[in-house]
Amino acid sequence: MHKKHIEDFIVLLNEKLNEDTFLLLLKHPHKLPEINAGQFAEVLVEDSPLTFLRRPLSIHDVDYKNNTLSLLIKKLGKGTKKLSELKPDNFLNLIFPLGNSFTLLNNEKVLLTGGGCGIAPLLYLSRKLNEKGCDVHILLAAKTASDIVRLKTYENYGKLYFTTEDNSLGEKGLIIQHSLFKNLSVFKKIYTCGPERMMQAVARLAANNEIPCEVSLENTMACGIGACLCCVTETKTGNKCVCVDGPVFNTKDLKW
Amino acid sequence: MVDLNVNIGHLKLQNPVMTASGTFGYGLEFDDFIDVNLLGGIIVKGTTLEPREGNAYPRMAETPMGMLNAVGLQNKGIDHFITDIYPKIQKYTTQLIVNVSGSNIEDYLTVVEKLNELDRIPAIELNISCPNVKSGGMAFGTSCSSAAEITKAVRSTYKKTLIVKLSPNVTNITEIAKTVEAEGADAVSLINTLLGMAVSIKTRKPLLSTVTGGLSGPCVKPIALRMVWQVFNAVKIPIIGLGGIMNANDALEFILCGATAIQVGTANFIDPRISIKIIEGIKEYLQSNKINSISEFRGSLILK
């Protein structure tokens with residue numbers, strides 16, 4: 001596992017992507033250490049007395065050349081709202097890179113599925129898989145088309161598909177109703193991140209087709225480094241910390 | 001050069017700053033961030049006789065200026081500690097103290113006897129105040145008779161430094177402190193978490209699987225400080241103060257109110273380097289106020 005760091009990043013950009021989603025581009029003051037796809041950061045929300053703990057957020061993308069990383073964040077509560085108010089040149093303190101990472105394949109056909117803010121870690125994953133020669137297919141799900149952000153960026157690393165509940169983009173319905181799920185056996189691996197019920201549905205279909213499936217969980221956390229044991233998920237070998245034993249789990253190990 | 005050394009029973013600490021049980025793992029989790037050996041000591045995670053899975057998720061809820069937890073003493077048991085953890089933490093030169101918990105006196109005694117054999121563990125912290133387990137735990141620490149019974153039993157077998165961690169969920173904490181002092185405790189640490197609760201009016205459900213949990217963080221500090229002051233005026237044994245310490249200023253307040261040493265708990269989650277910053281801050285305060293030693297400052301609260 002990589003050494004963990006604590007660092008004040010400089011905000012380069014805070015881009016509003018839709019009503020409640022924004023992208024933070026953060027510059028490391030020195031050389032950005034290596035980060036794997038699926039890892040996260042514990043972000044300190046300053047001057048926010050009602051949000052006491054750090055916020056665990058997926059690392060959305062990494063740029064070693066410019067020593068930057070980005071976070072794709074949905075405004076869900078007081079902490080993320082405060083983060084949405086950050087301005088260029090503000091500092092943001094991160095503990096990173098935390099947790100394990102997705103298992104990458106070489107030269108295989110793979111499916112990435114995401115919904116809600118669960119699409120955040122899939123960008124860096126798709127880039128890494130692309131670099132490994134994989135044939136990357138990305139299925140993103142939302143209530144409506146405007147919920148889906150950063151399309152052009154995802155498009156750089158794989159073939160994109162969509163489901164929307166109101167039929168405004170892609171196929172109508174929930175993620176597992178997409179036609180890709182009718183012929184899952186063409187994929188060597190499925191990766192998923194999003195609302196728990198969505199991930200469970202994807203995992204069930206993957207299991208039915210005997211395809212390995214990795215999920216990224218987002219349990220509520222305090223420390224992020226395996227000290228407090230607050231963020232556990234039930235696995236077949238007992239309670240495991242999502243922060244250090246995860247956030248990525250093979251679904252066959254979970255008690256779903 | 002200021003003197004930060006303090007004594008807790010036979011235990012000598014190079015400075016009064018320790019890390020609280022359950023907030024610092026086994027120290028190893030913090031190696032990337034700090035030199036753990038600079039600490040006065042570390043109190044490792046609550047250890048029980050048998051492995052425990054702890055309570056179901058969700059076990060944590062953020063609250064204004066604090067958090068509730070209901071971890072429920074998840075740990076792999078004393079034998080796992082001895083075979084797997086103890087060899088790894090022997091690299092530390094700082095003092096290693098094990099927090100001991102159990103659901104009955106026999107369990108406590110078995111764990112304590114095993115810890116008595118470990119050369120690098122010079123002290124235990126007897127947890128009679130965990131609010132998150134069904135049997136034992138806090139039940140031992142909320143009545144004088146049961147606190148006396150367990151302290152007496154452990155004292156008769158454990159020869160090294162015995163610290164008893166007290167619960168704030170009592171009518172009068174000084175009575176419990178006096179009781180464990182009379183039964184031979186070398187020191188008391190206080191406070192453990194306060195029993196609390198959080199609910200959602202959206203889902204109409206509690207935020208913790210156990211409904212209630214233990215409150216910690218800066219929101220509990222005034223209560224912890226009051227209890228340390230009360231106990232300081234009631235017993236002669238050293239007091240280890242904890243509860244919402246976020247910085248050196250907070251730590252100094254506890255020492256001013258009579259604590260010989262302090263523990264940093266929840267603050268470790270916000271800044272994994274905070275315990276070391278607190279040591280530095282204490283040193284700077286003493287230097288700039290021309291106080292030669294931390295013991296000179298201890299309990300020096302001016303009342304009028």
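Residues numbered from 1 in each chain as written. Chains lettered and ligands numbered in written order. Predicted model: local features only at pLDDT ≥ 70, side-chain atom pairs only at ≥ 80, totals over all residues. Heavy atoms only, no water.

A count of helices and strands for chain A gives four helices and 16 strands. Scaling as 2.2 N^0.38, a compact globule of 256 residues should have a C-alpha radius of gyration of about 18 Å, and chain A matches this with 17 Å. Its C-alpha atoms give chain A principal-axis dimensions of roughly 50 × 40 × 35 Å. Looking at chain A as a whole, 56% of its 256 residues are labelled buried. Pairs at least 24 residues apart make up 63% of the contacts formed inside chain A by residues separated by at least 6 positions. Accessible surface, chain A as shown: approximately 11000 Å² in total, 48% of it carbon and sulfur. Averaging the locations of the 32 positively and 28 negatively charged side chains of chain A gives two centres separated by 2 Å. (Helix = DSSP H or I, 4+ residues; strand = E, 2+ residues; numbered from the N terminus. Rg over C-alpha atoms; globule rule 2.2 N^0.38 Å. Buried < 20%, exposed > 50% of the residue type's maximum accessible area, 1.4 Å probe, protein only. Contact = heavy atoms within 4.5 Å. Areas by Shrake-Rupley, 256 points an atom, 1.4 Å probe, with all protein chains shown as cover. Lys, Arg positive; Asp, Glu negative; His and termini not counted. Charge placed at Lys NZ, Arg CZ, Asp CG, Glu CD.)

On to the confidence of the model for chain B. One rule of thumb: low pLDDT means the predicted coordinates there are not for detailed reading. For chain B, mean pLDDT is 96; residues scoring 70 or higher make up 99% of the total. Interface scoring of the predicted complex returns ipTM 0.93; its pTM is 0.95. (pLDDT = per-residue confidence, 0-100.)

Moving on, we get to empty space enclosed by the protein. Vacant regions in the atomic arrangement are exposed by a probe of water-molecule size rolled over the atoms. All names here are of chain B. Applying the stated criterion to the full structure yields one cavity of 30 Å³ or more. Taken as a whole, the largest cavity encloses approximately 510 Å³ of empty space. Lining the largest cavity are 36 residues; nearest its centre among them are Ser 21, Thr 23, Asn 69, Asn 192 and Thr 193. Those elements giving two or more residues to the lining of the largest cavity turn out to be β4 (41-47), β6 (66-69), β12 (212-216), β14 (261-264) and α7 (267-270). Taken together, the residues that form the lining of the largest cavity break down as 17 nonpolar, 17 polar and two charged. (1 Å grid on protein atoms, 1.4 Å probe; cavity = no way out; pocket = protein on both sides within 12 Å on 5 of 7 lines; lining within 4 Å. Points joined across faces, edges and corners; volume = space filled by probe spheres on them. Nonpolar A, V, L, I, M, F, W, Y, C, P; charged D, E, K, R; others polar.)

Further remarks concern the sheet that holds β6 of chain B. Residue and element names in this part refer to chain B. The antiparallel open sheet is built from four strands, whose spatial order is β5-β6-β12-β11. The open sheet has two free edges, formed respectively by β5 (60-63) and β11 (194-197), since each of these has just one partner strand. Averaged over neighbouring strand pairs, the angle between their axes works out to 40 degrees when direction is ignored. In terms of strand pairing, β6 meets β12 through three bridges, oriented antiparallel. (Pairing = 2+ DSSP bridges. Axes fitted to C-alpha atoms, helices over the stretch in contact; angles between N-to-C directions.)

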